[in-house]
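These are the residues of each chain, in order.
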Amino acid sequence: MPSEITVTELPAELALELHNASKDKQIRVERFETAENLKHLNFVREKVKDIKNFWLIVLLSHPHVGAASASDREALSYLTDIELKQDSNDPRPFELIFTFAENPYFTNKTLSKKYTLREGLSAAPADGTITEELRDFDAELDLVVSADKIDWKEGKDLVAKQPRKLGNADLDVDEDAEIEGDIGSFFHFFSEEGDPFQFGFQVVEELLPNASDLYLGGDDEDELDDDEDEDDEDDEGSIDLEDDDEDKPPKKKQRN
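It should be emphasised that the depicted structure is a prediction, and the values quoted were computed from it without experimental measurement.

1. Considerations on the packing of aromatic side chains
The geometry of an aromatic ring pair is captured by the separation of the ring centres together with the interplanar angle, meaning the angle of the planes.
Item 1. Counting across every chain of the model gives 19 aromatic pairs.
Item 2. Taking 5.0 Å as the distance between ring centres and 85° as the angle between the ring planes, the aromatic pair formed by Phe 98 and Phe 190 counts as edge-to-face. Of this pair, Phe 98 sits in strand S2 (residues 90–100) while Phe 190 sits in helix H8 (residues 188–191), and the two are 92 residues apart along the sequence. Taken as a pair, Phe 98 and Phe 190 share a single burial class, namely buried.
Item 3. When the ring of Phe 186 is compared with that of Phe 190, the centres are 5.9 Å apart and the planes differ by 85°; the resulting orientation is edge-to-face.
Item 4. The positively charged end of Arg 92 is found above the aromatic ring belonging to Phe 137, 5.6 Å away from the centroid.
Item 5. The lysine or arginine in question, Lys 113, covers the ring of Phe 189, its NZ or CZ lying 5.3 Å from the ring centre.

Put into structure tokens, the structure is as follows:
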């Protein structure tokens, strides 16, 4: 067995061809996964439209929501649907639409977060052709993220009551960096431009595709125990919306 292995440098043209082929495969996989995730999400949305707190429980699996104040959680308990608008042929831009029942906090029926291609970028060709622009796409640089105006009822502005107080001077930190301080109300997600914690991407990539599993409480391997005692059954399905400091934002470190 040779002590050293010689690595042959590839001709530049071949290296580029292999690189593009790898990117093209990645784009094809992303298109397929987007189509399947949308199909599954719409199936789930239809099936759970009458299930109280379904989407709240799904969101509570995310640390930003799980650490939210009682007021935030109560406001989110009026959430009845999450819709994802996304084109499987061009998954880059997307829009999240959160639908709410009538509630004591705001008058909006929906709150949305829209991620659009920056000026100068074109939509993917309708025939499915993979372009250099698709290969070079960088979500952080190439998407513009909008804000939505929340029409708060008098005295109920959770964003004003729970401002962000971060130790980091710059929110554009590495994804593995810790965010020190208070992230404030969850509803900053809607009212501010941008998505500094990339929450929208996590909703699209992690929460929505696995919504039913998250609601049921874990991994596919988890089994429901039909022999639970009555005390456990009485506690099942309850959500604690109370908090001693209900209008205070979380005081823990949050990861980006």
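2. Some words on the side chain of Glu 95
Item 1. Along the polypeptide, Glu 95 turns up in strand S2.
Item 2. The residues contacting Glu 95, other than those within four sequence positions of it, are Glu 83, Leu 84, Lys 85, Ser 112, Lys 113 and Lys 114.

3. Focus: the layout of surface pockets
Item 1. In this structure, the largest pocket spans a volume of roughly 730 Å³.
Item 2. What lines the largest pocket is a set of 29 residues, and nearest its centre among them are Glu 30, Thr 34, Gln 86, Pro 91 and Glu 205.
Item 3. Of all elements in the fold, only helix H1 (12–47), strand S1 (79–87), S2, helix H5 (132–135), helix H6 (139–142) and helix H9 (199–207) reach the threshold of two or more residues within the lining of the largest pocket.
Item 4. The element contributing the most residues to the lining of the largest pocket is H1, with 9 residues.
Item 5. Residue classes in the lining of the largest pocket are distributed as 14 nonpolar, 6 polar and 9 charged.

4. Things to note about the confidence of the model for the protein chain
Item 1. Confidence in the prediction of the protein chain, expressed as mean pLDDT, is 85, and 78% of residues score 70 or more.
Item 2. Below a pLDDT of 50 lies the segment residues 219–235, which in the model reaches 4 contacts outside its immediate sequence neighbourhood of four places, other chains included.
Item 3. Long-range and interchain partners of residues 244–256, a stretch whose pLDDT sits below 50, account for 45 contacts in this model, where long-range means more than four residues apart.

5. Things to note about the pattern of salt bridges
Item 1. Using the criterion set out here, one finds 9 salt bridges in the structure.
Item 2. Between Lys 49 and Glu 46 there is a salt bridge whose closest N-O contact spans 2.9 Å.
Item 3. Accessibility expressed as a relative area gives 46% for Glu 46, which makes it partly exposed.
Item 4. One salt bridge connects Arg 164 with Glu 192, and the closest N-O pair in it is separated by 2.6 Å. Of this pair, Arg 164 sits in the loop between helix H7 (158–161) and strand S5 (165–166) while Glu 192 sits in the loop between H8 and H9, and the two are 28 residues apart along the sequence.
Item 5. Residue classification places Arg 164 among the partly exposed residues on the basis of a relative accessible area of 23%.

So, how was this worked out
- Residues numbered from 1 in each chain as written.
- Predicted model: local features only at pLDDT ≥ 70, side-chain atom pairs only at ≥ 80, totals over all residues.
- Heavy atoms only, no water.
- Phe/Tyr/Trp six-rings, centres within 6.5 Å; stacked < 30°, edge-to-face > 60°.
- Helix = DSSP H or I, 4+ residues; strand = E, 2+ residues; numbered from the N terminus.
- Buried < 20%, exposed > 50% of the residue type's maximum accessible area, 1.4 Å probe, protein only.
- Lys NZ or Arg CZ within 6 Å of the ring centre and 35° of its normal.
- Contact = heavy atoms within 4.5 Å.
- 1 Å grid on protein atoms, 1.4 Å probe; cavity = no way out; pocket = protein on both sides within 12 Å on 5 of 7 lines; lining within 4 Å.
- Points joined across faces, edges and corners; volume = space filled by probe spheres on them.
- Nonpolar A, V, L, I, M, F, W, Y, C, P; charged D, E, K, R; others polar.
- pLDDT = per-residue confidence, 0-100.
- Salt bridge = Lys/Arg side-chain N within 4 Å of Asp/Glu carboxyl O.

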